[in-house]
Amino acid sequence: MIQPDSYVRSLLQRSPGERVTARGWVKTHRDSKNVHFIQLNDGSSSVDLPIVLDAGVVPEDTVAKITTGACISVEGELVASMGKGQAVEVKALALTIHGTADAEHYPLQKKKHTLETLRELGHLRTRSNTFAAVFRVRNALAVAIHKFFQDRGFLYVHTPVISASDAEGAGSMFQVPTLDLEGLGKSGKSPDFTQDFFGKRTYLTVSGQLEAEIFAHAFANVYTFGPTFRAENSNTPRHLAEFYMIEPEMAFCDLNDNQDLAEAFLKSQVEQVIDACGPDLDFLAKWYDPELRKTLDGLVNASFERITYTEAIALLNKSGKNFEFPTEWGVDMQSEHERYLTEEVYRKPVIVTGYPKDIKAFYMRGNDDGMTVAAMDVLAPRIGEIIGGSQREERHDVLLQRIRDMAAHGLKEEAYWWYLDLRRFGGVHHAGFGMGFERMLMYLTGMKNIRDVIPFPRTPGNAEF
Ligand code: 4AD
Ligand code: MG
């Protein structure tokens, strides 16, 4: 096992003269007269560790196996480096090959590969500079999110992955049957879900919000951070069938407090990742988005614009733009509209509130106008919707009526008995939101396809690895 002081990242910080062991995978191997130059990495650093191996230190047949992708360990001495980018390098005294990577077949040779090609190589792309940077940022972002909420006294709650209710009332859920579907198909009978594993139909959760609301009615401020699943057939660069969502839920919280928290949350994440991952962000900026640093600083320094849905539609209507999808009060905004508002009108994140109730989920608090709900979407340049949330309907009779009105859309009153109970026993006004973890990562890394910020993307027709 690699000890903390022996990661490539740590070795690069240590001083000439120290004896060290470096372990990892060969990035490149170049021969010069009587010397072999090897670049080594173990995933911990955006800078490779240079190894200098003099001819004769190891047998020639070992040298031949030091190819790109091979796994090796090297014992040696740190010496001052003449090269650019690092202060020290390892002068090798002994070298062991753990796993070879035949140069003729190893797909990740030194040349630059397209992101599409790397996606087909999900088992190896983790060793490329790009994905090493992306997944280090992903790691740092997860830590930053926990830190943000823990510093504010929020309770971290694990909500179930298997669920019997549709948290969004949108009907795009993956089913979890254990019944003999093949046998049923042959018999021509329809499935009897009372005989299924849970005695009823169950699904993979689309959101942990409803269960988070239970916890908010006991711990006041809580958050979830877990996988969620959507069986929408959306083959876009911004949609996954399996993604991670962070959902804070706060008792004694209205829509204004909710917006304040969302803004502080996004800013804190960007600040913390800038602190933790400077070299990775510079790498990503260089190869994928020269404007990256500007965009990130822009978010930290901006005061988010706050407008209503009605104002947004008016802006879109007078934009003179030729949108693919028409804009009309009552119709949901598309990504092109969200990007117009954030990239052209305001050039910063925009929080849109007060959406028509017919295009939003059943749990959102009804506004006095009878037509809109206390919803909020946070839109960001390049990404569009990054956060969706609302103040929740805490009035028992209003919520019950809303669920009944939605029966035609498949909402089953009996599935929500416990959700309604929260409004009967110690209810309070409360609010929360959900942030798509991968949407935020797209923002932070400059990656344009959501498949490139999650280790193993699940999208329609694709569940490899
Ligand atoms: O707007 P959504 O559907 O809201 C909810 O699920 C609420 N229950 C959240 C809450 O109030 N607690 O999803 C929230 C966010 C979106 O803004 C988006 O960032 C992300 O989740 N998201 C997706 N990310 C990737 N792929 C998908 N298919 C996504 N669907 C939503
Ligand atoms: Mg949404």
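In this text the structure is predicted, and so the values were computed from the model without any measurement. (Residues numbered from 1 in each chain as written. Chains lettered and ligands numbered in written order. Predicted model: local features only at pLDDT ≥ 70, side-chain atom pairs only at ≥ 80, totals over all residues. Heavy atoms only, no water.)

**Notes on empty space enclosed by the protein**
If you walk through the whole model with that rule in mind, you get 1 cavity of 30 Å³ or more. One number sums up the size of the largest cavity: a volume of about 30 Å³. Taken together, Arg230, Glu232, Ser234, His239, Leu240, Ala241 and Pro460 make up the full set of residues lining the largest cavity. A per-class count over the lining of the largest cavity returns 3 nonpolar, 2 polar and 2 charged. (1 Å grid on protein atoms, 1.4 Å probe; cavity = no way out; pocket = protein on both sides within 12 Å on 5 of 7 lines; lining within 4 Å. Points joined across faces, edges and corners; volume = space filled by probe spheres on them. Nonpolar A, V, L, I, M, F, W, Y, C, P; charged D, E, K, R; others polar.)

**So, the sheet that holds strand S9 (residues 221-229)**
Sheet architecture is open: 8 strands sit in the order S6-S9-S10-S15-S14-S13-S12-S11, paired in mixed fashion. Edge strands, defined here as strands with exactly one partner in the open sheet, are strand S6 (155-156) and strand S11 (305-308). Pairing of strand S14 (residues 384-391) with strand S15 (residues 430-436), which is carried by 5 bridges, proceeds in the antiparallel orientation. In the strand pairing of S15, Gly388 is matched with Gly434. Against the sheet, helix H7 (residues 255-276) engages strand S10 (242-251), S11, strand S12 (350-356), strand S13 (372-380), S14 and S15, with an angle of about 30° to S15. (Pairing = 2+ DSSP bridges. Helix = DSSP H or I, 4+ residues; strand = E, 2+ residues; numbered from the N terminus. Contact = heavy atoms within 4.5 Å. Axes fitted to C-alpha atoms, helices over the stretch in contact; angles between N-to-C directions.)

**Considerations on the sheet that holds strand S4 (residues 71-80)**
By definition, the strands of a sheet pair up through backbone hydrogen bonds, in either a parallel or an antiparallel sense. With mixed pairing, the 5 strands of this closed barrel are ordered in space as S1-S2-S3-S5-S4. Averaged over all adjacent pairs, the angle separating strand axes in this sheet is 55°, with direction ignored. One ladder, built from 10 bridges, connects S4 with strand S5 (residues 88-99); its direction is antiparallel. Its bridge partner being in S5, Val74 is matched across the sheet by Leu95.

**A short note on the pattern of salt bridges**
According to the stated counting rule, one finds 26 salt bridges in the structure shown. Measuring nitrogen to oxygen at the nearest pair gives 3.6 Å for the salt bridge that ties Arg382 to Asp289. Placement of the pair is Arg382 in the loop between S13 and S14 and Asp289 in the loop between helix H8 (278-288) and helix H9 (292-301), with a sequence separation of 93 residues. Given a relative accessible area of 22%, Arg382 falls into the partly exposed group. Residue Asp289 is classed as buried on the basis of its relative accessible area, which comes to 8%. (Salt bridge = Lys/Arg side-chain N within 4 Å of Asp/Glu carboxyl O. Buried < 20%, exposed > 50% of the residue type's maximum accessible area, 1.4 Å probe, protein only.)

This is a description of form; function is not addressed.
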